[in-house]
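Structural overview
The residues making up each chain are set out below.
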Amino acid sequence: MKIAVIGTGYVGLVTGTCFADSGHDVICVDIDAEKVQKLKDGEIPIYEPGLRHVFDRAIREERLQFTTNLEEAFEFASAVFLCLPTPPGADGQADLSFVLNVAADLGELFNKIPTYKVIVNKSTVPVGTADKVREIIASKTDHEFDVVSNPEFLREGAAVEDFMKPERVVVGTSSDKAANIMLAMYQPFVRSGNPIIVMDERSSELTKYAANAMLATKITFMNEIANICERVGANVDQVRKGIGTDSRIGKRFLFAGIGYGGSCFPKDVQAIHHTAVMHHYDFKILDAVMSVNDSQKVSLVEKIKLFYQNDLSNKVFGIWGLSFKPETDDVREAPSLYITKELARLGVKMKAYDPEAIESFKGSIDDETSNAIEFVSTRDAALEDVDALIICTEWNEFRRPDINRFPHIMKSPNVFDGRNLYDLEDAQTAGLNYISVGRPSVYV
Ligand SMILES: NC(=O)c1ccc[n+]([C@@H]2O[C@H](COP(=O)([O-])OP(=O)(O)OC[C@H]3O[C@@H](n4cnc5c(N)ncnc54)[C@H](O)[C@@H]3O)[C@@H](O)[C@H]2O)c1
């Protein structure tokens, strides 16, 4: 099948590349000419494990091309995927302008190139967007087309694997013709029997928000349990094991930390909350989720202030991890942004290290924060002569350093760990002051 992917970011590039790898012919469109040129030159503008291998193969076998020309892509394809941004607008509602503007362009193009096409919306969009896209296109053309909702569930850092082996594919359409095209398109990815679930458009659109809101709630619930643990002298790691073995609860998404971030959970929780408000429904649990997450993101700073009795003058801290989670260079809504901003405001100087996200982080901070940070190229360089280490992201290389060396490299052996990476006894043996999340603190 011939597929066009409009928007070549994290979702679009993975979608296009994986479809091409499964044998479809794909053209990816982006308005960012520099990005398109890089892709044409074989450069991948994001860090996503495993993408290089499938990208190179798809290019070599001439099934993946890139363009800035929407008309060229439209003419080429029988299915057009929209993988466009839907950032939070005013009041947290999803900004649909990218999607609706492209829908209008597609409507015009149907008049020039009158062949049936399925327009597939992969962006995360509020309920009713498929109807809006259909109305906009239909207002420009009488030609036959279908609009399908096909939310994407890939996780950055595991996006290729998630796309190649989805636990499920959700397809929202009331058209049998479009449903059959979608089933054929996704068949190569569900050979092991995972379902393609066809439903109506509105349920499909809501499924994506329900999934992300549920996961954000699970994370937040566990962070609240961690906060209680700190107050009653319990250990959240043990509580996690105690409840995670209950199959009704499950082991995943139970790790306490410094809040969820990323390009999806924060904006999607806001967006579904806004949908509820628009429909006069008080979605109380999501109010709590958003408010707890906001405070959780800076909870480590509160612990630091308490430790230093509010005197952070002349302090230099090492920062390990800037991306919102490991295995990605994405820093959107990363807790590190909030923590470093607050520390900079309090006069702290920092040495920051991340294996992949330094460049994207630099582009996301204000001058005050930037002036307070020296970016370094190894994890050890971020430890040298610092008053404390702050761990923001659980990259693999931070999980098993020789912590016994810390007191010899650092000026003071103080570790504030937002990801609970080390065993408390090991921290004690290493001679660290070790303050983590939901666990007893260790003092030298
Ligand atoms: N990133 C994720 O992990 C993830 C997962 C599931 C769903 N989603 C959803 O997928 C959508 C896309 O997310 P993303 O992270 O890939 O965004 P992104 O910002 O990484 O990429 C969007 C791309 O669209 C391009 N673009 C903007 N306007 C365009 C236009 N008119 N024509 C062509 N290209 C245009 C941008 O230049 C950019 O390259 C969002 O709705 C998001 O919520 C994201």
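Within any chain, residue numbers begin from 1 and follow the written order of that chain's sequence. Selection of residues for local features in this predicted model requires a pLDDT of at least 70, selection of side-chain atom pairs for listing and counting requires 80 or more, and totals for whole chains, interfaces and linings are taken over all residues. Heavy atoms throughout the structure, all of them, feed into the side-chain values; hydrogens and water do not.

1. Describing helix 12 (residues 284–297)
- The end-to-end C-alpha distance of helix 12 is 21 Å, a good match for the 20 Å that 14 residues give at a rise of 1.5 Å each.
- Buried, partly exposed and exposed residues are distinguished by accessible area as a fraction of the type maximum, computed with a 1.4 Å probe on protein chains only: under 20%, between the cut-offs, and over 50%, respectively. For helices the rule is a DSSP run of H or I covering at least 4 residues; for strands it is a run of E covering at least 2, with both sets numbered from the N terminus onward. Taken residue by residue, helix 12 has L286, V289, M290, V292, N293, Q296 and K297 as its buried positions.
- Taken together, the buried residues of helix 12 touch helix 9 (201–232), helix 11 (265–278), helix 13 (299–307) and helix 14 (335–345). In this scheme, a helix's expected span is set at 1.5 Å multiplied by one less than its residue total. The contact criterion used is simple: two residues touch if any of their non-hydrogen atoms lie within 4.5 Å.

2. A closer look at the packing of helix 9 against helix 12
- It is the contact of helix 9 with helix 12, at a shortest axis distance of 9 Å, that shows an interaxial angle of 55 degrees. On the basis of their axis angle, the class for helix 9 and helix 12 is oblique. In this structure, helix 9 crosses over helix 12, and the sense of that crossing is left-handed. In contact with A213, A216, T217, T220, N223, E224 and N227 of helix 9, helix 12 contributes I285, L286, V289, V292 and Q296.
- Under the grouping applied here, Gly and all other residues not named as nonpolar or charged are polar, the nonpolar ones being Ala, Val, Leu, Ile, Met, Phe, Trp, Tyr, Cys and Pro and the charged ones Asp, Glu, Lys and Arg. Residue composition of the contact of helix 9 with helix 12, grouped by class: six nonpolar, five polar and one charged. Helix axes use the C-alpha atoms of the stretch in contact, all axes being lines fitted to C-alpha atoms, and the angles between their N-to-C directions lie in the range 0 to 180 degrees. In these notes the angle categories are as follows: under 35 degrees is roughly parallel, over 145 is roughly antiparallel, 65 to 115 is roughly perpendicular, and the rest is oblique. Two helices cross in a left-handed way if the nearer one is turned anticlockwise from the farther one by less than a right angle. They cross in a right-handed way if the turn is clockwise.

3. Regarding unusual backbone geometry
- Its identity as a non-glycine residue notwithstanding, H280 has a phi of 55 degrees, on the positive side.
- Relative to the helices and strands, H280 resides in the loop between helix 11 and helix 12.
- Even without being a glycine, N420 presents a positive backbone phi close to 50 degrees.
- Assignment of secondary structure puts N420 in the loop between strand 13 (414–417) and helix 19 (424–430).

4. Concerning the domain arrangement of the protein chain
- Per the domain assignment, the segments of the protein chain are domain 1 (2–199), domain 2 (209–295) and domain 3 (298–435).
- Where each domain starts and ends follows an automatic or database-derived domain assignment. For domain 1 and domain 3, the distance between their C-alpha centres works out to 38 Å.
- The interface is formed by eight residues belonging to domain 1 together with nine residues belonging to domain 3.
- By buried area we mean how much accessible surface two parts lose on assembly, using a 1.4 Å probe and totalling the loss over both. Counting each side, the surface lost to burial between domain 1 and domain 3 is near 680 Å², with a carbon and sulfur contribution of 42%.
- Of all residues in domain 1, Y10, Y47 and E156 give up the largest surface area on contact with domain 3, accounting jointly for 80% of the area buried on that side.
- When a carboxyl oxygen of Asp or Glu is within 4 Å of a side-chain nitrogen of Lys or Arg, the pair counts as a salt bridge. Our count for the domain 1 to domain 3 interface comes out at one salt bridge.
- Across the salt bridge formed by R332 and E156, the nearest N and O atoms sit 3.7 Å from each other.
- N or O atoms closer than or at 3.5 Å make up a polar contact, with two conditions inside protein: a donor-capable atom paired with an acceptor-capable one, and, for residues adjacent in sequence, both atoms drawn from side chains. Seen at the junction of domain 1 and domain 3, the total is five residue pairs in polar contact (both at pLDDT 80 or more).
- Among the residues forming the side of domain 1 that touches domain 3, the class breakdown is five nonpolar, one polar and two charged.

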